Number of protein chains: 2
Amino acid sequence: MSPRIVALSTHDIRFPTSRELDGSDAMNPDPDYSAAYVVLRTADGVEGHGFAFTIGRGNDVQTAAIRALEQYVVGRDVDDIGALYKDMVYDSQLRWLGPEKGVMHMAISAVVNALWDLKARIEGKPLWLLLGELPPERIVDLVDFRYLSDALTPAEALEILRRAEPGRRERIAHLREHGYPAYTTSPGWLGYDDDKLRRLCQEALGQGFKQIKLKVGASLDDDVRRFRVAREVCGDGFPIAIDANQRWDVDSAVTWINALKEFHPHWVEEPTSPDDVLGHAAIARGIAPIPVATGEHVQNRIVFKQLLQAGAISYLQLDSARVGGVNENIAILLLAAKFGVPVCPHAGGVGLCELVQHLSMFDYVAVSGSMENRVIEYVDHLHEHFTDPVVIENGCYTAPNAPGFSARMRPESISAHSFPGGAVWRES
Amino acid sequence: MSPRIVALSTHDIRFPTSRELDGSDAMNPDPDYSAAYVVLRTADGVEGHGFAFTIGRGNDVQTAAIRALEQYVVGRDVDDIGALYKDMVYDSQLRWLGPEKGVMHMAISAVVNALWDLKARIEGKPLWLLLGELPPERIVDLVDFRYLSDALTPAEALEILRRAEPGRRERIAHLREHGYPAYTTSPGWLGYDDDKLRRLCQEALGQGFKQIKLKVGASLDDDVRRFRVAREVCGDGFPIAIDANQRWDVDSAVTWINALKEFHPHWVEEPTSPDDVLGHAAIARGIAPIPVATGEHVQNRIVFKQLLQAGAISYLQLDSARVGGVNENIAILLLAAKFGVPVCPHAGGVGLCELVQHLSMFDYVAVSGSMENRVIEYVDHLHEHFTDPVVIENGCYTAPNAPGFSARMRPESISAHSFPGGAVWRES
């Protein structure tokens, strides 16, 4: 089979989730979960799929940014992923639009992830296993260490990967038998009333989830009341995280979070701007021992590096589709391992659960080698649109068996949700 | 006159500067200076112009991002700039594409700057004067203090502005008589040979510039040789800054810069990633007393805040068209004043000199109240395409008299450089 890529096509796909207030939080009252979707095709007709996740308006701009990358990909060989990734990141003209952040970087993420989906399909393996079986040297070659060497050198990365090598086979078997622990955010959206919150907390416990998460930050009185409801249902000692979605300045974060101390938050997520490394560090000091978590909006490995250097986060929440795709996420997993900080990825949206499970499972097999204190976020939205949706059993992600990155949306879902011409939008 | 905006239109404008190696540096070997250009029009036919500066590829994506903002602007009143700015920044769906960084934020910058160009034209004043005559309370109202309050509160901003109020009239007169000091980067592009460097240094001295700047970072041997040439021509004591355009990691920056110590760099600009606050701080410690400068790629006020909090920079180089336009730049000028760090703006590219002179002059009149240790970058490219080009006299920017933000490109320049259909591109 020829691994030569002959075509790149895009779709602007949007789901009208704002109609039900699914996904409502303190900063995002009415998201329409969307995907700027890319399909790569080889000369043999094999396809690789990827996407940038957005929440509605601007998905057309994001899709245009992906199309701007066509010239880097078409005509190239899928086995060149490492070089292709750097060619896109270091195109000197495109780089001005970031560098390595925002719309242009998310576009690179979508294309890189599609390349890995394609590669894993050609190899006939799920991505987590394909990556988890690579020799340490090959994994190091996939990483761009630029701007990281004050925190992580290639030699240190190699040492981390070699240390994890002996137990790979047992951990692969463990994943296949038990899966990877999940937590659920489904009970905690701000748009839900207390009865729905109580019912969904009970369901989450019944389904075996290891943790739940509540959105906070719109009203302190509401947060106290809702946290009390959740604590009553879940009991003392059950991990309940809270998520402010960037709502606060530094001082107000400290005050607000300390007012919720009696409920023992498992972590506080995104207390302030994702750009504010020093702010996160100040908040972490001001609310200790409550841990700080962040990552879904962190733009690249350079900001993650600093969050770790500053001791600002106790949990690192990587996102599968914001930084530069699989390659940059391998760098981030290695950084987290170096600093001994557990990675608990961001998921939800549309398709993020499908992607991110592969990264956590790869981390377990070949990088950190540990599941301790680690959970993958789970939100039960929109999985029915994927050809290989995540499978949750007893509160765990089961290890995917199908070849690829689980990134492929069903053709009829793509067609119905295309914006603005798809059936879902024409009827609205 | 009605200040109601009835139309937003865009142009993808590119100049083939890569053909001459103008603007070549260690990270940008072949830029085609470009503008994603926006025109706002009122019911009465008055126009406001603005643009995001890019260096070629991706200017189409940038232009698409500006078009995505049409719905926020058309139908609104130009006097609503403050509210309009926040509506764009805090649109919850568009915000996901940043937040406040990259393509989407640069688009907001272009629109905000066009609004100010329009406002100043309606008022019949150059922007620097319009802003410099506003009451302190009105200026504070233009600023978004979110994520800044741990470093700068509205009350502190008001105090800074009030402190500068008594001398405004004298400083306006001083600007009109003497202008604002400039430095030139024209001699220092990497693509030029030593003879051209020597000749351009001599010209810069002859023209009365207060400082020059050399690009560095591609080869240490070349940098030593070129710095020696420049030092020979300019003499001891003349300020010569160097600019690495993000070339180094932290440790290599320290080593490389210290190897140039004997030539007494006036500052070292962009030694590493613009996202690396802690890295800049580590470099500043490692090369003291050589000062660090950065800013042209700093994405927003939140990163500038941290650079100041960390003591990472001795000069703040704001850019007129990357952060969220005039409003966010007022926040940045206030932050710099709070921390006592001089602002020496980035310029060059296409139209950046035209815009940024207004911000420095406003800073002098109403914020810092000082010109001490401050210069505005000047590059002698592409000014002929503007209807109100900068005027340099005796190495100083003369104070603009024409109403507006000097942002307007000549219609024939827009037409000839439109990409890909304009005459300049059709002939290539």
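Residues numbered from 1 in each chain as written. Chains lettered and ligands numbered in written order. Predicted model: local features only at pLDDT ≥ 70, side-chain atom pairs only at ≥ 80, totals over all residues. Heavy atoms only, no water.

Describing the overall build of chain A
Phase 1 of the analysis: Broken down by element type, chain A carries 18 helices and 12 strands.
Phase 2 of the analysis: Radius of gyration (C-alpha) of chain A: 20 Å, near the 22 Å computed for a compact globule of 428 residues.
Phase 3 of the analysis: For chain A, the C-alpha atoms occupy an extent of roughly 60 × 55 × 45 Å along the three principal directions.
Phase 4 of the analysis: Taking all 428 residues of chain A together, 68% fall into the buried category.
Phase 5 of the analysis: Taking the intrachain contacts of chain A between residues at least 6 apart in sequence as the baseline, contacts between residues at least 24 apart amount to 75%.
Phase 6 of the analysis: As displayed, chain A offers around 13,400 Å² of accessible surface, 48% of which is attributable to carbon and sulfur atoms. (Helix = DSSP H or I, 4+ residues; strand = E, 2+ residues; numbered from the N terminus. Rg over C-alpha atoms; globule rule 2.2 N^0.38 Å. Buried < 20%, exposed > 50% of the residue type's maximum accessible area, 1.4 Å probe, protein only. Contact = heavy atoms within 4.5 Å. Areas by Shrake-Rupley, 256 points an atom, 1.4 Å probe, with all protein chains shown as cover.)

Side note on the pairing of strand S1 (residues 5–14) of chain A
All names here are of chain A.
Phase 1 of the analysis: Taking burial as the measure, the 10 residues of S1 include seven buried ones, the bulk of the element.
Phase 2 of the analysis: As defined by bridge partners, S1 adjoins strand S2 (residues 34–42) across nine bridges and the pair is classed as antiparallel. Across the sheet, residue Ile13 finds its bridge partner in S2, namely Ala35. (Pairing = 2+ DSSP bridges.)

Structural notes on the pattern of salt bridges
All names here are of chain A.
Phase 1 of the analysis: Scanning all chains against the criterion turns up 59 salt bridges over all chains.
Phase 2 of the analysis: Residue Asp80 pairs with Arg76 through a salt bridge whose shortest N-O separation is 3.9 Å.
Phase 3 of the analysis: Glu203 is paired through a salt bridge with Arg199; the nearest N and O atoms lie 3.3 Å apart. With Glu203 and Arg199 both in helix H10 (residues 194–206) and four residues apart, the pair spans about one turn of that helix.
Phase 4 of the analysis: A relative accessible area of 42% places Arg199 in the partly exposed class.
Phase 5 of the analysis: Linked through salt bridges whose partners overlap, the residues forming this network are Arg95, Glu100, Asp144, Arg301 and Glu328. (Salt bridge = Lys/Arg side-chain N within 4 Å of Asp/Glu carboxyl O.)

Considerations on the UniProt feature "domain: Mandelate racemase/muconate lactonizing enzyme C-terminal" (unreviewed entry) in chain A
Phase 1 of the analysis: In the numbering used here, UniProt assigns the "domain: Mandelate racemase/muconate lactonizing enzyme C-terminal" (unreviewed entry) feature to residues 194–290 of chain A.
Phase 2 of the analysis: With 49% helix and 10% strand, residues 194–290 of chain A has its two end C-alpha atoms placed 25 Å apart. (UniProt positions renumbered as here; feature names shortened; annotations may be inferred.)

Describing the sheet that holds strand S2 (residues 34–42) of chain B
Through backbone hydrogen bonds, the strands of a sheet pair up, either in parallel or in antiparallel fashion.
Residues and elements named next belong to chain B.
Phase 1 of the analysis: Within the open sheet, the three strands sit side by side as S1-S2-S3. Their pairing is antiparallel. The outermost strands of the open sheet, each flanked by one partner alone, are strand S1 (5–14) and strand S3 (47–54). Across the sheet, the mean angle separating the axes of adjacent strands is 20° when strand polarity is ignored.
Phase 2 of the analysis: Taken together, the eight bridges between S2 and S3 define a ladder with antiparallel strand orientation. (Axes fitted to C-alpha atoms, helices over the stretch in contact; angles between N-to-C directions.)

Here's the deal with the state of the cysteines
Phase 1 of the analysis: With the rule as written, the count across this model stands at zero disulfides over all chains.
Phase 2 of the analysis: Of the cysteine sulfurs around Cys234 of chain A, a residue in no disulfide, the closest is that of Cys201 of chain A, at 4.5 Å.
Phase 3 of the analysis: Taking relative accessible area as the criterion, Cys234 of chain A reaches 12% and is therefore assigned buried.
Phase 4 of the analysis: Free of any disulfide, Cys353 of chain B has its nearest neighbouring cysteine sulfur in Cys344 of chain B, separated by 14 Å.
Phase 5 of the analysis: Since its relative accessible area comes to 0%, Cys353 of chain B is described here as buried. (Disulfide = S-S within 2.5 Å.)

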